[in-house]
Amino acid sequence: MTDFSDRLSHNLAKLPPYLFARIDELKVDALAKGVDLIDVTVGDPDKPAFPSIVRSMKQALAVPENHQYPSYVGKLSFREAVAQWYESRFGITLDPKSEVLTLIGSKEGIGHIPFAFLDPGDVTLVPDPGYPVYAAATIMAGGDPYSLPLEKKNNFLPDFDRIPPEVLKKAKLLFLNYPNNPTSATADVGFFEQVVDFARRAGVVVCHDNAYSETFFEATPPPSFLEAVGAREVGVEFHSLSKIYNMTGWRLGFVVGNASVISALGRIKTNIDSGAFGAIQDAGIAALTGDQKPVEKMRRLYKRRRNALCKGLRRLGLKLTRPKATFYVWCEVPKGYTSETFCVHLLEKAGVLCTPGNGFGDSGEGYVRFALTVDVPRLEEAVERIGAAL
Ligand SMILES: Cc1ncc(COP(=O)(O)O)c(C=O)c1O
């Protein structure tokens, strides 16, 4: 076989290996050795999509038009369902035709938007630690990611005043994500109003990623970025059916907000993909407009898991902030370890696989992330094993 690795594009060659691909290797090794592994790495719900959604999908499969090429921008009926959901959930009115675009999962839109805005040398401001796709997509589009450290002392919110003027001059996009993966921090509308103010001054397009808005444990649900005054003037919000309805494998998401940004991303998509499968969009309509009680049930499930894991890890003396939202627990590593050595230690001595914080960016060093995607008894067992390994 000819090895073409020396012919890769410069942009691809610049990419660090995808975090979860490395973790998969460690996992495969451990499983091959027969380890009874407790895997708390990937943020993939362990429960299936709700039965009513699966039923809608079955019906939608029988519709002949769904077997043809879908619409590039998504079915108008799906975009109307999105607008209706945004109205009822956030009190925001959207024009389904110009302010909503269907995505093949939010990752697809996040991955494509830099291609609409970046030229070589342009900068994207990315949260660090953060979802790796913001930086990776920027690099693939020929731009340069600039890290905004998210630090505990600032409640894991970025400090825009620390961005050097020469970076600001080149900045075109700003990615943010609250409720946040991996720190689980939340932001309020007041913070989003500061973001709007910053974006206006800096002339950047805000790309807020709200994939975890429905996984919350407090009485007040997390807001949409679009609730901030003027937000629609400066940016868009990515959203997803993946985590809300346990539909990660289905690949359905959307982006809402500034019509010119939506239109630019739509132009990229028209040239690169052919839209989300029509039957999945029909099932997505059923999900967004149907009974939301199963979503509440999922929240209660994650809350029980959060309580069990946080209580257990704290009992072991580990430092963490109990998450108000998301299904992640961001935990400080004990003295004497780095993120990576702590993960490897837990894997080798406890058979527990968690994610090293530095995989999400340099500022994630000193942390590991646990995903609440396994049941309470397994989480309790993980805590026991970790206790024995410390
Ligand atoms: C912060 C964040 N945004 C976006 C995504 C992508 O979600 P999807 O492409 O399934 O909509 C993920 C997935 O883990 C995520 O953690």
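Note that the structure is a prediction, hence the values are computed from the model and not measured. (Residues numbered from 1 in each chain as written. Predicted model: local features only at pLDDT ≥ 70, side-chain atom pairs only at ≥ 80, totals over all residues. Heavy atoms only, no water.)

1. Concerning the overall build of the protein chain
Move 1: Regarding its fold elements, the protein chain presents 14 helices and 12 strands.
Move 2: Taking 390 residues into account, the globule formula puts the C-alpha radius of gyration at 21 Å, and the protein chain, at 21 Å, falls close to it.
Move 3: Looking at the protein chain as a whole, 55% of its 390 residues qualify as buried.
Move 4: Taking contacts inside the protein chain between residues at least 6 apart in sequence as the whole, the part at least 24 apart equals 73%.
Move 5: Accessible surface for the protein chain amounts to roughly 17300 Å². Of this, 53% is attributable to carbon and sulfur atoms. (Helix = DSSP H or I, 4+ residues; strand = E, 2+ residues; numbered from the N terminus. Rg over C-alpha atoms; globule rule 2.2 N^0.38 Å. Buried < 20%, exposed > 50% of the residue type's maximum accessible area, 1.4 Å probe, protein only. Contact = heavy atoms within 4.5 Å. Areas by Shrake-Rupley, 256 points an atom, 1.4 Å probe, with all protein chains shown as cover.)

2. A look at the site of the ligand
Move 1: Around the ligand, the structure places 15 residues, and the nearest of them are Asp-209, Ser-240, Ser-242, Lys-243 and Arg-251.
Move 2: Within the contact set of the ligand, an oxygen atom lies 2.7 Å away from a side-chain nitrogen or oxygen of Tyr-212.
Move 3: Taking Arg-251, its side chain carries an N or O atom lying 2.7 Å from an oxygen atom of the ligand.
Move 4: Expressed as a share of its isolated accessible area of 400 Å², the protein-covered part of the ligand is 92%. (Near = heavy atom within 4 Å. Polar contact = N/O pair within 3.5 Å; in protein donor to acceptor, adjacent residues only side chain to side chain.)

3. A few points about the nonpolar core
Move 1: Core analysis: the largest hydrophobic core is formed by 97 residues, its most contacted members being Tyr-86, Leu-174, Tyr-245, Leu-313 and Phe-370.
Move 2: Discounting residues that sit within four places of it in the chain, Phe-370 has contacts with Val-40, Leu-309, Leu-313, Phe-327, Tyr-328, Val-329, Cys-331, Leu-346, Val-352, Cys-354 and Ile-386.
Move 3: Listed in part, the 22 residues of the second largest apolar core include Ile-110, Val-236, Ile-262 and Ala-264. (Core = buried A, V, L, I, M, F, W, Y, C linked by side-chain atoms within 4.5 Å.)

4. Brief notes about the pairing of strand β9 (residues 328-332)
The side chains of a regular strand alternate between both faces of the sheet.
Move 1: Most of β9 is tucked away, with five of its five residues classed as buried.
Move 2: In β9, alternate side chains face the same way, and those of Tyr-328, Trp-330 and Glu-332 on one face and Val-329 and Cys-331 on the other are all buried.

5. Comments concerning unusual backbone geometry
Move 1: Here Tyr-178 and Pro-179 are connected by a cis peptide whose omega angle stands at -5°.
Move 2: Among the structural elements, Pro-179 can be located in the loop between β5 (171-176) and α8 (189-202).
Move 3: Of note, the amide linkage connecting Asn-181 to Pro-182 takes the cis form, showing an omega dihedral of 15°.
Move 4: Position of Pro-182 among the secondary structure elements: in the loop between β5 and α8.
Move 5: In the Ramachandran plot, Asn-155 falls in the positive-phi region, its phi being about 55° despite a non-glycine side chain.
Move 6: Among the secondary structure elements, Asn-155 is positioned in the loop between β4 (144-149) and α7 (165-170).
Move 7: You will see that Phe-156, though not glycine, has its phi angle at about 60°, which is positive.
Move 8: Relative to the helices and strands, Phe-156 resides in the loop between β4 and α7.

6. Focus: the environment of Thr-138
Move 1: One can find Thr-138 in helix α6 (residues 133-140).
Move 2: Ignoring sequence-local partners within four residues, the contact set of Thr-138 consists of Pro-114, Leu-118, Thr-124, Gly-143, Asp-144 and Pro-145.

7. Here's the deal with the side chain of Thr-41
Move 1: Take Thr-41: it is sitting in the loop between β1 (38-39) and α3 (51-61).
Move 2: Polar contacts involving the side chain of Thr-41 include one to the side chain of Asp-39, which spans 2.5 Å.

8. Some details on the layout of surface pockets
Move 1: Approximately 630 Å³ is the volume found for the largest pocket.
Move 2: Forming the walls of the largest pocket are 29 residues, and the residues nearest its centre are Pro-16, Pro-132, Ala-135, Gly-359 and Gly-361.
Move 3: Counting only elements with at least two residues in the lining of the largest pocket, the list comes to α2 (19-32), α5 (106-117), β3 (123-128), α6 and β4.
Move 4: For the lining of the largest pocket, the leading source of residues is α6, giving six residues.
Move 5: Across the lining of the largest pocket, the residue classes break down as 19 nonpolar, six polar and four charged. (1 Å grid on protein atoms, 1.4 Å probe; cavity = no way out; pocket = protein on both sides within 12 Å on 5 of 7 lines; lining within 4 Å. Points joined across faces, edges and corners; volume = space filled by probe spheres on them. Nonpolar A, V, L, I, M, F, W, Y, C, P; charged D, E, K, R; others polar.)

9. Concerning the packing of aromatic side chains
Move 1: Under the defined criterion, the tally for this structure stands at 21 aromatic pairs.
Move 2: Members of the aromatic cluster, each reached through a chain of ring pairs, are Phe-160, Tyr-178, Phe-191, Phe-192, Phe-198 and Phe-225. (Phe/Tyr/Trp six-rings, centres within 6.5 Å; stacked < 30°, edge-to-face > 60°.)

10. Concerning the packing of helix α13 (residues 339-350) against helix α14 (residues 376-389)
Move 1: Relative to each other, α13 and α14 sit at 100°, their axes nearing to 9 Å. As judged from the angle between their axes, α13 and α14 are roughly perpendicular. Of the residues in α14, those touching α13 at His-345, Leu-346, Lys-349 and Ala-350 are Arg-385, Ile-386 and Ala-389.
Move 2: Class assignment of the residues belonging to the contact of α13 with α14 gives a composition of four nonpolar, one polar and two charged. (Axes fitted to C-alpha atoms, helices over the stretch in contact; angles between N-to-C directions. Parallel < 35°, antiparallel > 145°, perpendicular 65-115°, else oblique.)

11. Points about the environment of Arg-378
Move 1: On the secondary structure map, Arg-378 appears in helix α14.
Move 2: Note on Arg-378: relative accessible area 26%, which makes it partly exposed.
Move 3: C-alpha of Arg-378 to C-alpha of Asp-39: the two residues are 339 residues apart in sequence and 9.6 Å apart in space.
Move 4: Beyond its immediate stretch of four places on either side in the chain, Arg-378 contacts Asp-36, Leu-37, Ile-38 and Arg-385.

12. A short note on the sheet that holds β4
Move 1: Read across the open sheet, the seven strands follow the order β2-β8-β7-β6-β5-β3-β4; overall the sheet is mixed. The two strands at the open ends of the sheet, each matched to only one other strand, are β2 (100-103) and β4. Along the sheet, successive strands turn relative to each other by an average axial angle of 25°, direction set aside.
Move 2: Inspection of the sheet shows β2 paired to strand β8 (residues 253-257) by four bridges, in the antiparallel sense. Each bridged residue has a counterpart across the sheet, and for Leu-101 the counterpart in β8 is Val-255.
Move 3: Docked against the sheet, α5 engages β2, β5, β6 (205-209), β7 (235-240) and β8, running at close to 155° with respect to β7. (Pairing = 2+ DSSP bridges.)

Remember, this is a structural readout, not a statement about activity or role.
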